[in-house]
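Geometric and topological summary
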Amino acid sequence: MSNMFGAASAKRGVKSFVLGKGVSALSTFLALSLLVKLVAPAEYGIYVAYFAIVEISYLLSGFGLSTFAQKYVTELAVAGQYRFLRKALIFSSALRMAFSLIYAVAVYAVFSWVAEYFGARELQKYASLLAVLLVFEIQMRYFVEVFPALMWQGASQIVFLIRSLARMAAYLALVLMVDQASLALVFQVDLLATLTGCCYGSIVLIRGVKRFPASKKEERHGGLDLWRVLRVCFQFYFNQVLGQIYGNNILKLLVAKFLGVIQAAYFGFAQSIADMVKNYLPGFLLLGVVRPVFVARYEQRKDPKVLSEMFNFVLKMNYFTLFPVVAFVFYVGEPLLNMLSHGKFHGVGILFLVCLLTLSMQCVHQVLGLINLSMGSPKVSIASTASASLGLVIGLGLAAQWGVIGFAIGAVLSEFFWSTVCIVLLRRAGFHLYVDIKRLLLMVTGCITGIGLAYPIVLANHSIFGLLMAGSIAAIACLIITSFFKPFSAQEREWIRSSLPKKLSKFFIW
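As a starting point, this report considers the structure included with it. This is a predicted model, so every value here is computed, not measured.

About the cut-offs
- Residues numbered from 1 in each chain as written.
- Predicted model: local features only at pLDDT ≥ 70, side-chain atom pairs only at ≥ 80, totals over all residues.
- Heavy atoms only, no water.
- Helix = DSSP H or I, 4+ residues; strand = E, 2+ residues; numbered from the N terminus.
- Buried < 20%, exposed > 50% of the residue type's maximum accessible area, 1.4 Å probe, protein only.
- Contact = heavy atoms within 4.5 Å.
- Areas by Shrake-Rupley, 256 points an atom, 1.4 Å probe, with all protein chains shown as cover.
- Expected span 1.5 Å × (residues − 1).
- Bend = angle between axes of the 7 residues up to and from the residue.
- Phe/Tyr/Trp six-rings, centres within 6.5 Å; stacked < 30°, edge-to-face > 60°.
- Axes fitted to C-alpha atoms, helices over the stretch in contact; angles between N-to-C directions.
- Parallel < 35°, antiparallel > 145°, perpendicular 65-115°, else oblique.
- Left-handed = near helix turned anticlockwise from the far one by under 90°.
- Nonpolar A, V, L, I, M, F, W, Y, C, P; charged D, E, K, R; others polar.

Remarks on the overall build of the protein
Of the regular secondary structure elements, the protein holds 20 helices and zero strands. In the protein, which comprises 510 residues, the share counted as buried stands at 56%. A sequence separation of at least 24 residues applies to 83% of the contacts in the protein between residues at least 6 apart. When the accessible surface of the protein is summed, it comes to about 22200 Å², and 69% of that surface belongs to carbon and sulfur atoms.

Below, the structure written as C-alpha coordinates:
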(Lines give C-alpha, C1' and ligand atoms only; values in the text may rest on other atoms or scores of the structure.)
Protein backbone atom coordinates (compact mmCIF):
# COMPACT_ATOMS: atom_id res chain seq x y z
CA MET A 1 0.00 0.00 0.00
CA SER A 2 2.98 2.31 0.49
CA ASN A 3 3.47 2.44 -3.28
CA MET A 4 -0.22 2.89 -3.96
CA PHE A 5 0.42 6.10 -5.92
CA GLY A 6 3.76 5.16 -7.46
CA ALA A 7 4.65 4.60 -11.12
CA ALA A 8 3.71 0.91 -11.04
CA SER A 9 0.26 1.66 -9.68
CA ALA A 10 -0.22 4.44 -12.20
CA LYS A 11 0.70 2.05 -15.05
CA ARG A 12 -1.76 -0.56 -13.78
CA GLY A 13 -4.36 2.18 -13.55
CA VAL A 14 -3.72 3.27 -17.12
CA LYS A 15 -4.13 -0.28 -18.40
CA SER A 16 -7.34 -0.76 -16.42
CA PHE A 17 -8.78 2.51 -17.71
CA VAL A 18 -7.84 1.90 -21.34
CA LEU A 19 -9.22 -1.66 -21.39
CA GLY A 20 -12.29 -0.88 -19.30
CA LYS A 21 -13.09 2.36 -21.09
CA GLY A 22 -12.65 0.68 -24.46
CA VAL A 23 -15.31 -1.95 -23.85
CA SER A 24 -17.50 0.48 -21.88
CA ALA A 25 -17.33 3.15 -24.60
CA LEU A 26 -18.29 0.65 -27.31
CA SER A 27 -21.22 -0.73 -25.31
CA THR A 28 -22.38 2.79 -24.32
CA PHE A 29 -22.13 3.92 -27.93
CA LEU A 30 -24.20 0.97 -29.15
CA ALA A 31 -26.70 1.38 -26.31
CA LEU A 32 -27.22 5.04 -27.26
CA SER A 33 -27.81 4.17 -30.91
CA LEU A 34 -30.24 1.38 -29.95
CA LEU A 35 -32.09 3.65 -27.51
CA VAL A 36 -32.54 6.35 -30.15
CA LYS A 37 -33.97 3.69 -32.46
CA LEU A 38 -36.33 2.39 -29.75
CA VAL A 39 -38.00 5.67 -28.76
CA ALA A 40 -39.41 8.69 -30.58
CA PRO A 41 -37.39 11.95 -30.57
CA ALA A 42 -39.81 13.57 -28.10
CA GLU A 43 -39.48 10.61 -25.71
CA TYR A 44 -35.70 10.69 -26.04
CA GLY A 45 -35.87 14.40 -25.10
CA ILE A 46 -37.78 13.44 -21.94
CA TYR A 47 -35.16 10.75 -21.20
CA VAL A 48 -32.41 13.37 -21.60
CA ALA A 49 -34.27 15.70 -19.21
CA TYR A 50 -34.50 12.98 -16.54
CA PHE A 51 -30.80 12.14 -16.62
CA ALA A 52 -29.99 15.84 -16.46
CA ILE A 53 -31.97 15.81 -13.20
CA VAL A 54 -29.93 12.76 -12.06
CA GLU A 55 -26.60 14.51 -12.67
CA ILE A 56 -27.75 17.66 -10.88
CA SER A 57 -29.16 15.56 -8.03
CA TYR A 58 -25.86 13.77 -7.54
CA LEU A 59 -24.11 17.04 -6.80
CA LEU A 60 -26.93 18.62 -4.78
CA SER A 61 -27.29 15.59 -2.50
CA GLY A 62 -23.57 15.13 -1.84
CA PHE A 63 -22.94 17.81 0.82
CA GLY A 64 -19.16 17.71 0.26
CA LEU A 65 -18.74 13.92 0.18
CA SER A 66 -17.43 14.09 -3.40
CA THR A 67 -14.55 16.34 -2.29
CA PHE A 68 -13.85 14.00 0.61
CA ALA A 69 -13.66 11.06 -1.81
CA GLN A 70 -11.51 12.86 -4.38
CA LYS A 71 -9.07 14.64 -2.04
CA TYR A 72 -9.00 13.33 1.52
CA VAL A 73 -9.32 9.62 0.80
CA THR A 74 -6.11 9.97 -1.23
CA GLU A 75 -4.41 12.05 1.47
CA LEU A 76 -5.23 9.47 4.15
CA ALA A 77 -3.91 6.66 1.96
CA VAL A 78 -0.70 8.59 1.23
CA ALA A 79 -0.23 9.15 4.97
CA GLY A 80 -0.82 5.45 5.71
CA GLN A 81 -3.75 6.21 8.03
CA TYR A 82 -5.55 2.99 7.18
CA ARG A 83 -7.49 2.48 10.40
CA PHE A 84 -9.10 5.89 10.11
CA LEU A 85 -9.49 5.48 6.34
CA ARG A 86 -11.33 2.18 6.78
CA LYS A 87 -13.88 3.75 9.12
CA ALA A 88 -14.18 6.89 6.98
CA LEU A 89 -14.92 4.90 3.80
CA ILE A 90 -17.65 2.78 5.38
CA PHE A 91 -19.20 5.76 7.16
CA SER A 92 -19.09 8.06 4.10
CA SER A 93 -20.64 5.39 1.84
CA ALA A 94 -23.45 4.76 4.33
CA LEU A 95 -23.96 8.51 4.71
CA ARG A 96 -24.06 8.89 0.92
CA MET A 97 -26.83 6.30 0.71
CA ALA A 98 -28.77 8.01 3.51
CA PHE A 99 -28.49 11.39 1.77
CA SER A 100 -29.62 9.75 -1.48
CA LEU A 101 -32.72 8.25 0.13
CA ILE A 102 -33.72 11.52 1.81
CA TYR A 103 -33.10 13.46 -1.38
CA ALA A 104 -35.06 10.97 -3.50
CA VAL A 105 -38.06 11.29 -1.16
CA ALA A 106 -37.86 15.08 -1.44
CA VAL A 107 -37.62 14.86 -5.25
CA TYR A 108 -40.63 12.53 -5.35
CA ALA A 109 -42.63 15.05 -3.33
CA VAL A 110 -42.00 17.86 -5.83
CA PHE A 111 -41.60 15.70 -8.94
CA SER A 112 -44.83 16.78 -10.60
CA TRP A 113 -43.94 20.45 -10.24
CA VAL A 114 -40.36 19.95 -11.57
CA ALA A 115 -41.55 17.92 -14.58
CA GLU A 116 -44.26 20.47 -15.34
CA TYR A 117 -41.89 23.44 -15.02
CA PHE A 118 -39.29 22.04 -17.41
CA GLY A 119 -41.82 20.84 -19.97
CA ALA A 120 -41.30 17.11 -19.33
CA ARG A 121 -44.82 16.24 -18.18
CA GLU A 122 -44.51 12.62 -19.37
CA LEU A 123 -42.07 11.97 -16.52
CA GLN A 124 -44.87 12.43 -13.97
CA LYS A 125 -46.24 8.98 -14.86
CA TYR A 126 -42.99 7.32 -13.73
CA ALA A 127 -42.34 9.34 -10.54
CA SER A 128 -41.98 6.39 -8.12
CA LEU A 129 -39.83 4.34 -10.52
CA LEU A 130 -37.57 7.31 -11.23
CA ALA A 131 -37.17 8.11 -7.52
CA VAL A 132 -35.87 4.57 -6.88
CA LEU A 133 -33.60 4.75 -9.94
CA LEU A 134 -32.25 8.07 -8.66
CA VAL A 135 -31.04 6.48 -5.39
CA PHE A 136 -28.97 3.81 -7.11
CA GLU A 137 -27.68 6.14 -9.84
CA ILE A 138 -26.32 8.43 -7.10
CA GLN A 139 -24.74 5.58 -5.13
CA MET A 140 -23.13 4.10 -8.25
CA ARG A 141 -21.53 7.45 -9.08
CA TYR A 142 -20.12 7.71 -5.56
CA PHE A 143 -18.37 4.35 -5.88
CA VAL A 144 -16.82 5.55 -9.15
CA GLU A 145 -15.39 8.57 -7.27
CA VAL A 146 -14.08 6.62 -4.28
CA PHE A 147 -12.39 3.75 -6.12
CA PRO A 148 -10.00 5.83 -8.28
CA ALA A 149 -8.94 7.81 -5.17
CA LEU A 150 -7.53 4.49 -3.89
CA MET A 151 -6.11 3.58 -7.32
CA TRP A 152 -8.76 0.86 -7.74
CA GLN A 153 -9.22 1.87 -11.37
CA GLY A 154 -10.19 -1.62 -12.51
CA ALA A 155 -13.08 -1.77 -10.05
CA SER A 156 -14.37 1.67 -11.02
CA GLN A 157 -14.39 0.65 -14.67
CA ILE A 158 -16.19 -2.61 -14.00
CA VAL A 159 -19.01 -0.77 -12.17
CA PHE A 160 -19.76 1.28 -15.28
CA LEU A 161 -19.02 -1.65 -17.58
CA ILE A 162 -21.64 -3.83 -15.87
CA ARG A 163 -24.21 -1.07 -16.24
CA SER A 164 -23.40 -0.28 -19.90
CA LEU A 165 -23.26 -3.94 -21.02
CA ALA A 166 -26.56 -4.73 -19.29
CA ARG A 167 -28.25 -1.74 -20.93
CA MET A 168 -26.86 -2.58 -24.36
CA ALA A 169 -27.96 -6.22 -24.15
CA ALA A 170 -31.46 -5.28 -22.96
CA TYR A 171 -31.92 -2.55 -25.59
CA LEU A 172 -30.78 -4.94 -28.29
CA ALA A 173 -33.30 -7.54 -27.14
CA LEU A 174 -36.05 -4.91 -27.23
CA VAL A 175 -35.07 -3.78 -30.74
CA LEU A 176 -35.32 -7.39 -31.93
CA MET A 177 -38.75 -7.86 -30.30
CA VAL A 178 -40.56 -4.54 -30.83
CA ASP A 179 -40.44 -1.54 -33.15
CA GLN A 180 -40.85 0.96 -30.33
CA ALA A 181 -40.53 0.63 -26.54
CA SER A 182 -42.26 2.62 -23.81
CA LEU A 183 -40.25 4.91 -21.55
CA ALA A 184 -41.43 2.89 -18.56
CA LEU A 185 -39.73 -0.22 -19.97
CA VAL A 186 -36.55 1.73 -20.79
CA PHE A 187 -36.36 3.11 -17.23
CA GLN A 188 -36.92 -0.38 -15.79
CA VAL A 189 -33.96 -1.64 -17.83
CA ASP A 190 -31.83 1.23 -16.53
CA LEU A 191 -32.84 0.48 -12.93
CA LEU A 192 -31.89 -3.20 -13.23
CA ALA A 193 -28.54 -2.35 -14.85
CA THR A 194 -27.69 0.35 -12.29
CA LEU A 195 -28.71 -1.85 -9.34
CA THR A 196 -26.37 -4.59 -10.60
CA GLY A 197 -23.48 -2.12 -10.83
CA CYS A 198 -24.20 -0.87 -7.29
CA CYS A 199 -24.17 -4.39 -5.87
CA TYR A 200 -20.76 -5.03 -7.41
CA GLY A 201 -19.46 -1.68 -6.06
CA SER A 202 -20.63 -2.53 -2.53
CA ILE A 203 -18.86 -5.90 -2.61
CA VAL A 204 -15.62 -4.30 -3.86
CA LEU A 205 -15.68 -1.65 -1.12
CA ILE A 206 -16.29 -4.13 1.71
CA ARG A 207 -13.60 -6.52 0.47
CA GLY A 208 -11.16 -3.70 -0.27
CA VAL A 209 -11.22 -2.10 3.18
CA LYS A 210 -10.66 -5.52 4.79
CA ARG A 211 -7.38 -5.78 2.87
CA PHE A 212 -5.94 -2.56 4.28
CA PRO A 213 -2.79 -3.30 6.29
CA ALA A 214 -2.93 -2.92 10.06
CA SER A 215 -1.74 0.56 11.06
CA LYS A 216 0.94 0.81 13.74
CA LYS A 217 0.76 4.37 15.01
CA GLU A 218 -1.88 6.77 13.86
CA GLU A 219 -2.99 10.11 15.09
CA ARG A 220 -6.45 10.21 16.61
CA HIS A 221 -8.14 11.75 13.58
CA GLY A 222 -5.97 10.22 10.91
CA GLY A 223 -3.68 13.26 10.73
CA LEU A 224 -6.49 15.49 9.44
CA ASP A 225 -7.89 18.64 10.93
CA LEU A 226 -11.56 17.61 10.80
CA TRP A 227 -12.90 21.15 10.97
CA ARG A 228 -10.65 22.18 8.08
CA VAL A 229 -11.77 19.12 6.11
CA LEU A 230 -15.43 19.98 6.67
CA ARG A 231 -14.84 23.61 5.74
CA VAL A 232 -13.03 22.74 2.50
CA CYS A 233 -15.57 20.04 1.57
CA PHE A 234 -18.53 22.36 2.09
CA GLN A 235 -16.84 25.18 0.17
CA PHE A 236 -16.21 22.89 -2.81
CA TYR A 237 -19.77 21.60 -2.43
CA PHE A 238 -21.09 25.15 -2.65
CA ASN A 239 -18.96 25.64 -5.75
CA GLN A 240 -20.39 22.46 -7.32
CA VAL A 241 -23.95 23.59 -6.61
CA LEU A 242 -23.19 27.03 -8.03
CA GLY A 243 -21.64 25.37 -11.10
CA GLN A 244 -24.96 23.75 -11.94
CA ILE A 245 -26.30 27.19 -12.88
CA TYR A 246 -24.47 27.12 -16.21
CA GLY A 247 -23.64 23.40 -16.61
CA ASN A 248 -24.72 21.14 -19.47
CA ASN A 249 -27.40 19.50 -17.33
CA ILE A 250 -29.25 22.70 -16.51
CA LEU A 251 -28.87 23.70 -20.18
CA LYS A 252 -30.70 20.53 -21.22
CA LEU A 253 -33.55 21.37 -18.87
CA LEU A 254 -33.68 24.99 -20.05
CA VAL A 255 -33.73 23.86 -23.68
CA ALA A 256 -36.65 21.57 -22.83
CA LYS A 257 -38.48 24.42 -21.08
CA PHE A 258 -37.93 27.20 -23.64
CA LEU A 259 -37.53 25.28 -26.91
CA GLY A 260 -39.37 22.01 -26.24
CA VAL A 261 -38.38 18.36 -25.73
CA ILE A 262 -37.56 17.84 -29.43
CA GLN A 263 -34.80 20.47 -29.26
CA ALA A 264 -33.73 18.99 -25.91
CA ALA A 265 -33.38 15.65 -27.73
CA TYR A 266 -31.16 17.28 -30.37
CA PHE A 267 -28.99 18.92 -27.71
CA GLY A 268 -28.91 15.77 -25.59
CA PHE A 269 -27.89 13.58 -28.53
CA ALA A 270 -25.10 15.95 -29.65
CA GLN A 271 -23.90 16.32 -26.06
CA SER A 272 -23.92 12.56 -25.50
CA ILE A 273 -21.63 12.00 -28.49
CA ALA A 274 -19.39 14.88 -27.35
CA ASP A 275 -19.24 13.27 -23.88
CA MET A 276 -18.08 10.02 -25.47
CA VAL A 277 -15.27 11.94 -27.17
CA LYS A 278 -14.48 13.63 -23.84
CA ASN A 279 -14.29 10.32 -22.02
CA TYR A 280 -11.53 9.23 -24.40
CA LEU A 281 -9.37 12.31 -24.07
CA PRO A 282 -6.36 11.30 -21.93
CA GLY A 283 -7.05 13.78 -19.12
CA PHE A 284 -10.65 12.59 -18.78
CA LEU A 285 -10.02 8.94 -19.69
CA LEU A 286 -7.32 8.71 -17.01
CA LEU A 287 -8.94 11.14 -14.56
CA GLY A 288 -9.08 8.39 -11.94
CA VAL A 289 -5.28 8.09 -12.26
CA VAL A 290 -4.47 11.76 -12.85
CA ARG A 291 -6.52 13.18 -9.95
CA PRO A 292 -4.99 11.09 -7.13
CA VAL A 293 -1.50 11.53 -8.64
CA PHE A 294 -2.06 15.33 -8.71
CA VAL A 295 -3.15 15.34 -5.08
CA ALA A 296 -0.47 12.87 -3.94
CA ARG A 297 2.48 14.59 -5.69
CA TYR A 298 1.53 18.00 -4.36
CA GLU A 299 0.85 16.62 -0.87
CA GLN A 300 4.28 14.97 -0.80
CA ARG A 301 6.34 17.85 -2.25
CA LYS A 302 4.25 21.02 -1.70
CA ASP A 303 5.95 22.42 -4.80
CA PRO A 304 3.70 24.58 -7.05
CA LYS A 305 6.00 23.83 -9.98
CA VAL A 306 4.64 20.28 -9.98
CA LEU A 307 1.14 21.63 -10.66
CA SER A 308 2.31 23.78 -13.60
CA GLU A 309 4.06 20.76 -15.12
CA MET A 310 0.97 18.61 -14.74
CA PHE A 311 -1.30 21.38 -16.10
CA ASN A 312 0.61 21.72 -19.38
CA PHE A 313 1.14 17.99 -19.79
CA VAL A 314 -2.50 16.98 -19.28
CA LEU A 315 -3.84 19.88 -21.38
CA LYS A 316 -1.50 19.09 -24.28
CA MET A 317 -2.42 15.41 -24.17
CA ASN A 318 -6.11 16.32 -24.29
CA TYR A 319 -5.63 18.67 -27.25
CA PHE A 320 -3.33 16.21 -29.02
CA THR A 321 -6.23 13.74 -29.02
CA LEU A 322 -9.08 16.21 -29.52
CA PHE A 323 -7.84 18.28 -32.46
CA PRO A 324 -7.62 15.43 -35.01
CA VAL A 325 -11.18 14.48 -34.00
CA VAL A 326 -12.32 18.08 -34.58
CA ALA A 327 -10.61 18.10 -37.99
CA PHE A 328 -12.36 14.86 -38.95
CA VAL A 329 -15.78 15.87 -37.62
CA PHE A 330 -15.59 19.26 -39.34
CA TYR A 331 -16.38 17.45 -42.60
CA VAL A 332 -17.92 14.14 -41.52
CA GLY A 333 -19.96 15.14 -38.43
CA GLU A 334 -23.33 15.70 -40.12
CA PRO A 335 -23.62 12.45 -42.13
CA LEU A 336 -22.08 10.43 -39.29
CA LEU A 337 -24.54 11.68 -36.66
CA ASN A 338 -27.44 11.33 -39.08
CA MET A 339 -26.53 7.67 -39.52
CA LEU A 340 -26.11 7.07 -35.75
CA SER A 341 -29.51 8.61 -35.02
CA HIS A 342 -31.19 6.50 -37.73
CA GLY A 343 -32.13 9.73 -39.53
CA LYS A 344 -34.04 11.17 -36.54
CA PHE A 345 -31.74 14.18 -35.91
CA HIS A 346 -31.09 16.03 -39.17
CA GLY A 347 -28.81 19.09 -39.04
CA VAL A 348 -27.16 18.24 -35.71
CA GLY A 349 -23.61 18.48 -37.12
CA ILE A 350 -23.10 22.20 -36.41
CA LEU A 351 -24.46 21.78 -32.89
CA PHE A 352 -22.00 18.93 -32.36
CA LEU A 353 -19.08 21.11 -33.48
CA VAL A 354 -20.08 23.78 -30.96
CA CYS A 355 -20.23 21.06 -28.28
CA LEU A 356 -16.67 20.06 -29.21
CA LEU A 357 -15.61 23.71 -28.90
CA THR A 358 -17.10 23.70 -25.40
CA LEU A 359 -15.15 20.50 -24.74
CA SER A 360 -11.90 22.23 -25.74
CA MET A 361 -12.56 24.82 -23.01
CA GLN A 362 -13.57 22.12 -20.53
CA CYS A 363 -10.10 20.64 -20.96
CA VAL A 364 -8.65 23.83 -19.46
CA HIS A 365 -11.34 23.93 -16.76
CA GLN A 366 -10.64 20.34 -15.79
CA VAL A 367 -6.93 20.80 -15.13
CA LEU A 368 -7.42 24.10 -13.31
CA GLY A 369 -10.01 22.35 -11.16
CA LEU A 370 -7.45 19.68 -10.28
CA ILE A 371 -5.00 22.39 -9.24
CA ASN A 372 -7.61 23.97 -6.98
CA LEU A 373 -8.43 20.56 -5.52
CA SER A 374 -4.75 19.80 -4.87
CA MET A 375 -4.13 23.17 -3.21
CA GLY A 376 -7.41 23.13 -1.30
CA SER A 377 -8.46 26.53 -2.67
CA PRO A 378 -12.25 26.37 -3.09
CA LYS A 379 -12.70 30.16 -2.94
CA VAL A 380 -10.96 30.50 -6.31
CA SER A 381 -13.33 27.93 -7.82
CA ILE A 382 -16.38 29.64 -6.28
CA ALA A 383 -15.45 33.04 -7.74
CA SER A 384 -14.67 31.47 -11.15
CA THR A 385 -17.98 29.63 -11.17
CA ALA A 386 -19.91 32.79 -10.30
CA SER A 387 -18.31 34.59 -13.26
CA ALA A 388 -19.14 31.67 -15.58
CA SER A 389 -22.85 32.20 -14.95
CA LEU A 390 -22.60 35.19 -17.29
CA GLY A 391 -22.33 32.70 -20.15
CA LEU A 392 -25.77 31.32 -19.30
CA VAL A 393 -27.26 34.82 -19.49
CA ILE A 394 -25.67 35.36 -22.89
CA GLY A 395 -26.86 31.92 -24.04
CA LEU A 396 -30.45 32.71 -23.04
CA GLY A 397 -30.26 35.92 -25.08
CA LEU A 398 -28.80 34.16 -28.13
CA ALA A 399 -31.39 31.37 -27.92
CA ALA A 400 -34.14 33.80 -28.86
CA GLN A 401 -32.57 34.16 -32.33
CA TRP A 402 -30.41 31.06 -32.81
CA GLY A 403 -32.34 28.47 -30.81
CA VAL A 404 -30.38 25.58 -29.31
CA ILE A 405 -27.15 26.80 -30.98
CA GLY A 406 -27.44 29.95 -28.84
CA PHE A 407 -27.53 27.86 -25.65
CA ALA A 408 -24.48 25.90 -26.86
CA ILE A 409 -22.52 29.11 -27.57
CA GLY A 410 -23.39 30.30 -24.07
CA ALA A 411 -21.82 27.09 -22.72
CA VAL A 412 -18.57 27.87 -24.60
CA LEU A 413 -18.48 31.37 -23.11
CA SER A 414 -19.17 30.05 -19.60
CA GLU A 415 -16.14 27.75 -19.76
CA PHE A 416 -14.00 30.59 -21.14
CA PHE A 417 -15.02 32.95 -18.33
CA TRP A 418 -14.42 30.27 -15.70
CA SER A 419 -10.89 29.47 -16.86
CA THR A 420 -9.86 33.11 -17.37
CA VAL A 421 -11.02 34.23 -13.93
CA CYS A 422 -9.50 31.16 -12.29
CA ILE A 423 -6.03 31.83 -13.75
CA VAL A 424 -6.20 35.51 -12.71
CA LEU A 425 -7.24 34.65 -9.14
CA LEU A 426 -4.59 31.95 -8.80
CA ARG A 427 -1.97 34.51 -9.76
CA ARG A 428 -3.33 36.99 -7.24
CA ALA A 429 -3.20 34.26 -4.59
CA GLY A 430 0.51 33.82 -5.29
CA PHE A 431 0.39 30.77 -7.54
CA HIS A 432 1.92 31.81 -10.85
CA LEU A 433 0.74 29.12 -13.23
CA TYR A 434 3.09 28.72 -16.18
CA VAL A 435 1.08 28.10 -19.34
CA ASP A 436 3.01 26.89 -22.39
CA ILE A 437 0.99 29.16 -24.69
CA LYS A 438 3.40 28.96 -27.63
CA ARG A 439 3.20 25.19 -27.99
CA LEU A 440 -0.56 25.13 -27.36
CA LEU A 441 -1.11 27.69 -30.14
CA LEU A 442 1.04 25.60 -32.46
CA MET A 443 -1.30 22.66 -31.83
CA VAL A 444 -4.29 24.86 -32.70
CA THR A 445 -2.49 26.00 -35.86
CA GLY A 446 -1.88 22.38 -36.89
CA CYS A 447 -5.61 21.62 -36.55
CA ILE A 448 -6.76 24.66 -38.55
CA THR A 449 -4.16 24.05 -41.26
CA GLY A 450 -5.21 20.41 -41.59
CA ILE A 451 -8.85 21.45 -42.05
CA GLY A 452 -7.86 24.02 -44.67
CA LEU A 453 -5.75 21.57 -46.68
CA ALA A 454 -8.69 19.17 -47.01
CA TYR A 455 -11.19 21.79 -48.21
CA PRO A 456 -10.41 21.47 -51.98
CA ILE A 457 -11.53 17.82 -51.81
CA VAL A 458 -15.01 18.89 -50.66
CA LEU A 459 -15.20 21.45 -53.46
CA ALA A 460 -14.42 18.73 -56.00
CA ASN A 461 -16.65 16.02 -54.49
CA HIS A 462 -19.75 16.77 -52.36
CA SER A 463 -20.70 13.13 -51.86
CA ILE A 464 -20.44 11.25 -48.55
CA PHE A 465 -17.31 9.58 -49.90
CA GLY A 466 -15.78 13.00 -50.58
CA LEU A 467 -16.63 14.23 -47.09
CA LEU A 468 -15.17 11.07 -45.55
CA MET A 469 -11.97 11.47 -47.55
CA ALA A 470 -11.72 15.16 -46.62
CA GLY A 471 -12.25 14.42 -42.92
CA SER A 472 -9.64 11.65 -42.93
CA ILE A 473 -7.07 13.81 -44.72
CA ALA A 474 -7.77 16.74 -42.36
CA ALA A 475 -7.16 14.54 -39.28
CA ILE A 476 -3.99 12.96 -40.70
CA ALA A 477 -2.67 16.35 -41.86
CA CYS A 478 -3.34 17.74 -38.37
CA LEU A 479 -1.16 15.04 -36.82
CA ILE A 480 1.63 15.36 -39.40
CA ILE A 481 1.81 19.16 -39.22
CA THR A 482 1.76 19.07 -35.41
CA SER A 483 4.67 16.62 -35.41
CA PHE A 484 6.86 19.26 -37.08
CA PHE A 485 5.95 21.79 -34.36
CA LYS A 486 7.05 19.43 -31.54
CA PRO A 487 4.40 20.65 -29.05
CA PHE A 488 5.63 18.44 -26.18
CA SER A 489 8.76 19.35 -24.24
CA ALA A 490 11.59 16.83 -23.91
CA GLN A 491 10.46 15.92 -20.40
CA GLU A 492 6.81 15.50 -21.46
CA ARG A 493 7.88 13.36 -24.41
CA GLU A 494 9.86 11.16 -22.04
CA TRP A 495 6.86 10.77 -19.72
CA ILE A 496 4.72 9.61 -22.62
CA ARG A 497 7.31 7.23 -24.04
CA SER A 498 7.93 5.67 -20.62
CA SER A 499 4.21 4.85 -20.30
CA LEU A 500 4.01 3.26 -23.77
CA PRO A 501 5.15 -0.25 -24.69
CA LYS A 502 8.80 -0.19 -25.82
CA LYS A 503 7.92 -1.17 -29.38
CA LEU A 504 5.53 1.81 -29.68
CA SER A 505 7.46 4.46 -27.73
CA LYS A 506 9.85 5.23 -30.59
CA PHE A 507 6.93 6.19 -32.82
CA PHE A 508 5.85 9.05 -30.57
CA ILE A 509 7.59 11.92 -32.40
CA TRP A 510 5.54 14.87 -31.24
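Some remarks on helix α17 (residues 437-460)
Spanning 24 residues, α17 covers 36 Å between terminal C-alpha atoms, matching the ideal 34 Å at 1.5 Å per step. Where α17 bends most, at alanine 454, the angle is about 30°, and the proline proline 456 comes one to four residues later. Among the residues of α17, Leu440, Met443, Gly446, Cys447, Gly450, Ile451, Ala454, Ile457 and Val458 are the ones counted as buried. Contacts from the buried residues of α17 go to α13 (304-340) and α18 (464-485).

Brief notes about the packing of aromatic side chains
Throughout the structure, instances matching the rule amount to 25 aromatic pairs. Taking 4.8 Å as the distance between ring centres and 20° as the angle between the ring planes, the aromatic pair formed by tyrosine 319 and phenylalanine 323 counts as stacked. Highlighted residues: tyrosine 319 and phenylalanine 323, both in helix α13, separated by four residues, approximately one helical turn. The two residues tyrosine 319 and phenylalanine 323 agree in class, both being buried.

Re the packing of α13 against α18
Contact geometry of α13 with α18 gives a least axis separation of 8 Å together with a crossing angle of 170°. By the criterion of interaxial angle, the relationship of α13 to α18 is roughly antiparallel. In this structure, α13 meets α18 at a crossing whose hand is right-handed. Contacts between α13 and α18 involve Phe320, Phe323, Pro324, Ala327, Phe328, Tyr331, Val332 and Pro335 from the first element and Leu467, Leu468, Ala470, Gly471, Ser472, Ala474, Ala475, Cys478 and Leu479 from the second. Residues that form the contact of α13 with α18 fall into these classes: 15 nonpolar, two polar and no charged.

Shape is all these values report; function is a separate question.
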